[in-house]
Amino acid sequence: MPDCELTIELEDKPGELAKILEIIAKNNGNLFSVSHLREKEIGKNIPVVIKFQSDEKGFKAIEADLIAQKIKIIKKKSGDDEETNLVLDFIILGHVIDTNIKDTIYSVSDSSTMVRRLNIAIRSIEDPSAVFIQLSAKGRDALEKGVKKLKKVCMEKNLLMVPQIATD
Amino acid sequence: MKTIDLAILGFGVIGSGFSDVLLKKERFLEDRFGIKLRVVAIGEYSGSLINPDGIDLKSAIEAKKNKKPLSELPDWKSGVDSKEILKTTNTDIVVEVVPSNINTGNPGKDLIRTALENGAHVVSSDKCAIASDFPGLKDLASKKGLELKYEASAGGAMPLMNLIHDCLQINEVESLEGILNGTTNYILTKMQKGGMTLNTALREAQELGYAEADPTYDIDGVDTAAKLVILANDIFGLKKSFEDVDITGITQINKDAVGLAKTNKYSIKLIGEIKEGEVSVGPKLVPIGHPLDVDGSLNAVMFETDIARDVTIIGRGAGGLETQSAIFSDLISIINDSCG
């Protein structure tokens, strides 16, 4: 069976990891190790790297079960096949709602990039708002493309983009 | 014992602070380095203190502390300004610590040029002067076979350039990012942890002496940009001037933005960055607990290098006392290397 690796985001609370390990066991995965990347916390979540052995059918079943449980998979690797989902956070300031927030979201989204999280702080219709956006992309190139698109939209709509510093 | 004659140009917070530390560390400098630093001139706008046998620094510092004019002191020469001193007084090293204009770089730029043309090494804390004509000033120093050092001009007490040149020699520096302005960091910290608005935090910073009466250089990102120009030229060898820096300040950052960042485990910081040949300054989200997530008026800079990987330095970016650490570091280095 090929070596497999999943990097997922788990909420930092008791019982979360047990659910994941149960999914791996149920699909005949042979667990090697579990590492919590606490230094790379994402909001209230912690990236967790799980290494195990599984055949192709079992790996696909594990992936499907995780998605069904709404578990975010950052990176997956089965044998030599590897796919990474990268995320980057932003706060956008200005009249984000008035300048058509739906259009802003759609303009950065495509088959490999999407807005994964959105939080809005707004005082009144007249006041500028603050919007937290998390961009998720399949790989570095897609993420860079998404960031460029967001930057362009913010310039066109006179919004201030406050990006996350690069942490890797 | 080696006696080195100095001229101090500018006797404000930094100039008088330099004199203060010089007096306090006189014995230390003699014992540790075998050098005696003798200040033969202090240049001000309307005149200068000049004495080839050494100025009475204690009296000058007392006058400054008591807000009395230096013109009451016996060594005062009215009408002899800083430039005149450089032409007429024999000095080994000039300590240039005047405040200059960001657009023209003067009066500091002219003073540094005059000092070099008259054969003196220069130590400067004047970021506007150095940033305004980095290649020109360095070329002149090189042609004259003199040293021009300016560690205090970008990062205050933090040894950024000397760290790279003297301790990380084998490394190629790939990028730099960090907080280079204590005033904005103080304001953003107060917004995040004290729930203040930007204006209230700014007023408090002014009351505590962190921010100038006109704080636009700080909050508009201009101060950080000037420091980045120096670091880009010195560390990265980039021919960048102030106009090349993409600048965004913190004036649009409000309580909502700070609160939203905090909810998602970030602090908002004014971050200067040099990466892939580009120089920029603007507000960024820094994960809480990250090495650059420092509070209050602290500065922090992270270098990404090929061998040592990430190196972070945290310290005081300004201050009459703290800045002397960098000025004396440059001074001692010049004396050891070039005042044989």
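Note: the structure precedes this text.
These remarks concern the structure in this document. Quick caveat: nothing in here was measured; it's all calculated off a predicted structure.

### Focus on the sheet that holds strand β8 (residues 173-179) of chain B
Residues and elements named next belong to chain B.
Thought 1: Taken in spatial order, the six strands line up as β9-β11-β10-β8-β12-β13 in an open sheet, and their pairing is mixed. With one partner strand each, in any of the chains shown, β9 (246-247) and β13 (310-316) form the two edges of the open sheet.
Thought 2: Sheet strands touched by helix α9 (residues 182-193): β8, β10 (266-275) and β12 (298-305). Its angle to β10, the strand with the most contacts, is close to 155°.
Thought 3: The sheet strands contacting helix α12 (residues 222-236) are β8, β9, β10, β11 (278-287) and β12, and the helix crosses β10 at an angle near 40°.

### Overview of the packing of α9(B) against helix α10 (residues 198-207) of chain B
Residue and element names in this part refer to chain B.
Thought 1: It is the contact of α9 with α10, at a shortest axis distance of 9 Å, that shows an interaxial angle of 130°. Comparing the axis directions of α9 and α10 gives the class oblique. Of the two elements, α9 crosses α10, and the hand of that crossing is right-handed. Here Y186, I187, K190 and M191 of α9 come into contact with α10, specifically with L198, A201, L202, E204 and A205.
Thought 2: Of the residues that constitute the contact of α9 with α10, the class distribution is seven nonpolar, no polar and two charged.

### Structural notes on a nonpolar patch on the surface
All names here are of chain A.
Thought 1: There is a patch of nonpolar side chains on the surface, built from I97, L118, I120 and I122 and spanning about 300 Å² of accessible area.
Thought 2: Topologically, I97 is positioned in the loop between β5 (81-94) and α3 (101-108).
Thought 3: Accessibility expressed as a relative area gives 33% for I97, which makes it partly exposed.

### As for the pairing of strand β3 (residues 47-50) of chain B
Across a regular strand the side chains alternate sides, sitting on one face of the sheet and then on the other.
All names here are of chain B.
Thought 1: Residue alternation in β3 divides its side chains into two sets, G47 and L49 and S48 and I50, and both sets are buried.
Thought 2: Pairing between strand β2 (residues 35-43) and β3: three bridges, direction antiparallel. Within β3, the position partnered with G43 by the bridge is S48.
Thought 3: Here β3 pairs with strand β4 (residues 76-78) via three bridges, running antiparallel. Counted as the bridge partner of S48 is K77 from β4.

### Some thoughts on unusual backbone geometry
Thought 1: Here B:N106 and B:P107 are connected by a cis peptide whose omega angle stands at 15°.
Thought 2: Its location among the elements puts B:P107 in the loop between β5 (93-96) and α5 (108-117).
Thought 3: The phi dihedral of A:N28 is positive, around 65°, even though this residue is not glycine.
Thought 4: Along the polypeptide, A:N28 turns up in the loop between α1 (16-26) and β2 (30-36).

### A look at the side chain of B:D223
Residues and elements named next belong to chain B.
Thought 1: Inspection of the secondary structure assignment puts D223 in helix α12.
Thought 2: A relative accessible area of 6% places D223 in the buried class.
Thought 3: A distance of 3.0 Å separates a polar atom in the side chain of D223 from a polar atom in the side chain of K127.
Thought 4: Leaving out residues up to four positions away in the same chain, D223 has contacts with K127, L180, N181, Y217 and D218.

### What to know about the interface of chain A and chain B
Thought 1: Counting residues at the interface gives 22 residues for chain A and 23 residues for chain B.
Thought 2: Between chain A and chain B, roughly 2000 Å² of surface is buried when both sides are summed, and carbon and sulfur atoms account for 63% of that area.
Thought 3: Contact with chain B buries surface across chain A, with A:I91, A:L160 and A:I165 losing the most and accounting together for 29% of the total.
Thought 4: Between the two partners, chain A and chain B, sit one salt bridge.
Thought 5: For the salt bridge of A:R123 with B:D256, the shortest nitrogen-to-oxygen distance reads 2.9 Å.

### Some details on the pattern of salt bridges
Residue and element names in this part refer to chain B.
Thought 1: Under the criterion given, the structure shown has 23 salt bridges over all chains.
Thought 2: Of the charged contacts, one joins K127 and D223 as a salt bridge, the two residues approaching to 3.0 Å between their closest N and O atoms. Residue K127 is located in helix α6 (residues 127-132), and its partner D223 is located in helix α12; the two are separated by 96 residues in the primary sequence.
Thought 3: By relative accessible area, which is 22% here, K127 ends up partly exposed.
Thought 4: Salt bridges linked by common partners bring E26, E30 and K36 together as one network.

What counts and how
- Residue numbers here run from 1 along each chain, matching the order of that chain's written sequence.
- To read the labels, note that chains go from A and ligands from 1, taken in the order they are written.
- Only residues with pLDDT of at least 70 are given local features in this predicted model, and only at 80 or more are side-chain atom pairs given and counted; all residues enter the totals for whole chains, interfaces and linings.
- Based on all heavy atoms of the structure, the side-chain values leave hydrogens and waters out of the count.
- Any two strands with at least two DSSP-identified bridges between them are counted as paired.
- Helix and strand assignments come from DSSP, with helices taken as H or I runs of at least 4 residues and strands as E runs of at least 2, each series counted from the N terminus.
- In what follows, a contact means two residues having at least one pair of non-hydrogen atoms within 4.5 Å.
- For helices, the fitted line uses only the C-alpha atoms of the stretch in contact; every axis is such a line through C-alpha atoms, and the angle between N-to-C directions lies from 0 to 180 degrees.
- Roughly parallel means an angle under 35 degrees; roughly antiparallel, over 145; roughly perpendicular, 65 to 115; everything else is oblique.
- By convention the crossing between two helices is left-handed if the near helix lies anticlockwise of the far one by an angle smaller than a right angle, and right-handed if it lies clockwise.
- Note on residue categories: nonpolar means Ala, Val, Leu, Ile, Met, Phe, Trp, Tyr, Cys or Pro, charged means Asp, Glu, Lys or Arg, and polar means any other residue, Gly included.
- Think of a patch as exposed residues, more than 30% relative accessible area, with no salt bridge, where like charges cluster within 9 Å and nonpolar side chains (Val, Leu, Ile, Met, Phe, Trp, Tyr) cluster within 5 Å.
- Per-residue accessibility takes into account occlusion by the displayed protein chains alone, with areas from the Shrake-Rupley method and a 1.4 Å probe.
- When a carboxyl oxygen of Asp or Glu is within 4 Å of a side-chain nitrogen of Lys or Arg, the pair counts as a salt bridge.
- Per-residue accessibility, obtained with a 1.4 Å probe over protein chains only, is compared with the maximum for each type, and a residue is labelled buried under 20%, exposed over 50%, and partly exposed between these values.
- Each polar contact in these results corresponds to two N or O atoms within 3.5 Å; when the atoms are within protein, one needs to be able to donate a hydrogen and the other to accept it, and residues that are neighboring in sequence are counted only if both atoms are side-chain atoms.
- Throughout, the accessible surface (probe 1.4 Å) given up by two parts as they are put together, summed over both, is called the buried area.

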